[in-house]
Amino acid sequence: LPVPEAVFDLGFYARNPDPFVQLASELWPGLKHSPTITHSFIALLEQKGMLLRTYTQNIDMLDVLAGVSEERMIECHGHFRTASC
């Protein structure tokens, strides 16, 4: 990589997608990482009707994997579900 930010640059990706693909495979939800007790607690709050919404800067979707509905999630930097931001 010429600079660390290049992994997220569309022009760089068009020329060399390998760095992004490698990073994404390390971050892909459910493969190497799983929801924590905190993610489960947030899901429990929703189940009990106590959660209005939850905000995250993470793109890993671990909240959703723990059971938080997509409707309650505000994913500030996008997510892997639709590969969008």
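These numbers were taken from a predicted model, which means no experiment stands behind them.

Q: What is the right way to read a nonpolar patch on the surface from this model?
A: Taken together, the side chains of Phe8, Leu10, Tyr13, Phe20 and Val21 present a nonpolar region at the surface, about 530 Å² in accessible area. Mapped onto the nonpolar patch, the elements with two or more residues apiece are helix H1 (10–15) and helix H2 (18–27). In this fold, Tyr13 is placed in helix H1.

Q: It is not clear to me how the environment of Ala6 should be interpreted in this structure. Could you clarify?
A: With respect to the helices and strands, the residue Ala6 is situated in the segment before H1. Expressed as a C-alpha distance, the spacing of Ala6 and Val68, which sit 62 residues apart in the sequence, is 32 Å. Leaving out residues up to four positions away in the same chain, Ala6 has contacts with Leu1 and Phe12.

Q: Any chance you could explain the packing of aromatic side chains here in plain terms?
A: Ring pairs (aromatic) are described by centroid distance and by the angle formed between their planes. For the structure on display, the rule yields 2 aromatic pairs. Measuring from ring centre to ring centre gives 6.4 Å for Phe8 and Phe20, while their planes differ by 75°; the resulting arrangement is edge-to-face. Taken as a pair, Phe8 in the segment before H1 and Phe20 in helix H2 lie far apart in primary sequence, 12 residues in all. Phe20 sits in the partly exposed class, given a relative accessible area of 31%. Here the aromatic rings of Tyr13 and Phe20 are separated by 5.8 Å at their centres, their planes lie at 90°, and the arrangement is edge-to-face. Through pairs of rings, three or more aromatic residues link up here, namely Phe8, Tyr13 and Phe20.

Q: What am I meant to see in the pattern of salt bridges here?
A: Pairs can form between side chains of opposite charge once their charged atoms are near each other. Per the stated rule, a full pass over the model turns up 1 salt bridge. Ionic pairing is found between Arg72 and Glu46, a salt bridge with its closest N-O pair at 3.8 Å. Of this pair, Arg72 sits in the loop between helix H4 (62–66) and strand E2 (73–75) while Glu46 sits in helix H3 (residues 37–47); the two residues are 26 residues apart in sequence, bridging distant segments of the chain. Among the residues examined, Arg72 registers a relative accessible area of 31% and is labelled partly exposed. On the basis of relative accessible area, Glu46 is assigned to the buried category, the value being 18%.

Cut-offs applied
- Residues numbered from 1 in each chain as written.
- Predicted model: local features only at pLDDT ≥ 70, side-chain atom pairs only at ≥ 80, totals over all residues.
- Heavy atoms only, no water.
- Patch = residues over 30% accessible without salt bridge, like charges linked within 9 Å, V, L, I, M, F, W, Y side chains within 5 Å.
- Areas by Shrake-Rupley, 256 points an atom, 1.4 Å probe, with all protein chains shown as cover.
- Salt bridge = Lys/Arg side-chain N within 4 Å of Asp/Glu carboxyl O.
- Helix = DSSP H or I, 4+ residues; strand = E, 2+ residues; numbered from the N terminus.
- Contact = heavy atoms within 4.5 Å.
- Phe/Tyr/Trp six-rings, centres within 6.5 Å; stacked < 30°, edge-to-face > 60°.
- Buried < 20%, exposed > 50% of the residue type's maximum accessible area, 1.4 Å probe, protein only.

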